[in-house]
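One-letter residues, chain by chain:
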Amino acid sequence: MDSKPMQIGQTEESLTSGDENMSVPLSADPPAMASEEALQYLQSIAPEELGELLFTDSLVTTSDTGKELGEFTVSIELTRHSGQECLLIHANSHGAIDNVPMGTSVTAYVSKKLQTLEQTHHEYVKLEDNHLDKKTYIVLQDGQYVINRVITQGEQVQRSDQTYSLESMKGFISEGSNLMLQRVMVRKGIADNLTFLSFDPDAVLCKATYQPLEERPQKVGENEVVVMGIERTVHSKSDMPTIWQTYFISDGHLSSRVQIGSPVTMRLLRMPPTIFRDDKAEPTKFPKKPLNWEEDMQLYSKFLDRKEELKGDHATYMKHHPELKALLADFLQFLLLRKPEDVVAFAADYFTAFSPSSISGSAYATSKEARYAPRPNSPFKKQDEQS
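Remember, it's a predicted structure, so these values are computed and weren't measured experimentally. (Residues numbered from 1 in each chain as written. Predicted model: local features only at pLDDT ≥ 70, side-chain atom pairs only at ≥ 80, totals over all residues. Heavy atoms only, no water.)

Asks: Honestly, the nonpolar core in this entry has me stumped. Any pointers?
Replies: Across soluble globular proteins, you tend to see nonpolar side chains buried next to one another. Within the largest apolar cluster, 42 residues are counted, with the highest numbers of intra-cluster contacts made by Leu-114, Met-180, Leu-181, Met-185, Phe-196 and Tyr-210. No other element matches the six residues that helix α3 (residues 175-188) contributes to this core. (Core = buried A, V, L, I, M, F, W, Y, C linked by side-chain atoms within 4.5 Å. Buried < 20%, exposed > 50% of the residue type's maximum accessible area, 1.4 Å probe, protein only. Helix = DSSP H or I, 4+ residues; strand = E, 2+ residues; numbered from the N terminus.)

Okay, structure coming up:
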């Protein structure tokens, strides 16, 4: 079944099992709103404050008995998105509990006022006879937010599309922007009970509150440091609140992270290099290497010069788009976990799930239709026309 994105307060979801296809409209609820104090806090963030918070955190995930289960990393760096300088935020958590592989990854482009421009959120749990896979894609386009969600559990595929106006999303903090916001709060300070907007586990817009926690000592390696904490509560409209308690070293580095009620904790094992407030990192410059044709006019020399120029251009592109490495790493890890027979079909399904031209609804009902809009010169289009 094809469905168009719906406006705020309206959602249509399709549950697919075999050839069955059902659409269940959800009732509208009063929209959540961010507090005026939260909106003012976002506006008070200066771009130079963010320059001190561009680094990578790496924590180890442990059970309540101290057993290492996996790792959690967060990296934040400058990049460009649609011609706009912004932040690239990538978080990755992977491990195994009771020998069951599971993980979460977030890749987000966020403006310097912490407005989410685009985000991909992927969660999976790989059971022996069944698997759960959730993908949520958020993008700001044409003056509104579009949210596409795909949940796969066994043979069931559930898709949902939502559209929100910019006005209704004022004060929205995504999972990606939350990681930078908390670093800012550590360096800038935080008032009690700032209320922003976020999505609950069911991708329903709701309130998210932040409040400071009391400082406490924490042992990191051979050192004991005083850490400060922030409690983030996502107030779901249909379920219990989700509460995260996160502690930081004074320079903004993560020291521990735990979800209340969860048996696992993320901890820092080694002290990172200290970042001082007066450190001003100079932006990396990539000067273009001039091509000196006068030095050697031979054809082979021109070929070698051109080769070096292309290598430098490709390296610069990779440095300006570090999300490419993160995207390929996430896909390759998921590919190796699933080990599909048809890698090409698996890759097509993986990447087209978030395409704006992807057809919503039953994956079986549209099996004879293109689930994407092929380019005019696409080989897939030619095959379809010949058949």
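Asks: Would you mind going over the environment of Tyr-109 with me for this structure?
Replies: With respect to the helices, strands and loops of the structure, Tyr-109 is situated in strand β6 (residues 100-110). For Tyr-109, a relative accessible area of 10% translates into the label buried. Expressed as a C-alpha distance, the spacing of Tyr-109 and Val-139, which sit 30 residues apart in the sequence, is 9.4 Å. Filtering out sequence-adjacent residues up to four positions away, Tyr-109 remains in contact with Thr-79, Arg-80, His-81, Cys-86, Leu-87, Leu-88, Gln-115, Thr-116, Leu-117, Glu-118 and Glu-323. (Contact = heavy atoms within 4.5 Å.)

Asks: Help me understand the pattern of salt bridges in this model?
Replies: Side chains bearing opposite charge may pair, as long as their charged atoms lie close to each other. This model, assessed by the stated rule, comprises seven salt bridges. Between Glu-49 and Lys-188 there is a salt bridge, and its shortest N-O distance comes to 3.5 Å. Of this pair, Glu-49 sits in helix α2 (residues 47-51) while Lys-188 sits in helix α3, and the two are 139 residues apart along the sequence. Relative accessible area serves as the criterion here: at 33%, Lys-188 is assigned to the partly exposed category. We note a salt bridge from Arg-232 to Glu-175, for which the minimum N-O separation is 3.3 Å. Taken together, the residues span a long stretch of sequence, with Arg-232 in strand β13 (residues 223-235) and Glu-175 in helix α3 at a distance of 57 residues. The class of Glu-175 is partly exposed, set by a relative accessible area of 23%. (Salt bridge = Lys/Arg side-chain N within 4 Å of Asp/Glu carboxyl O.)

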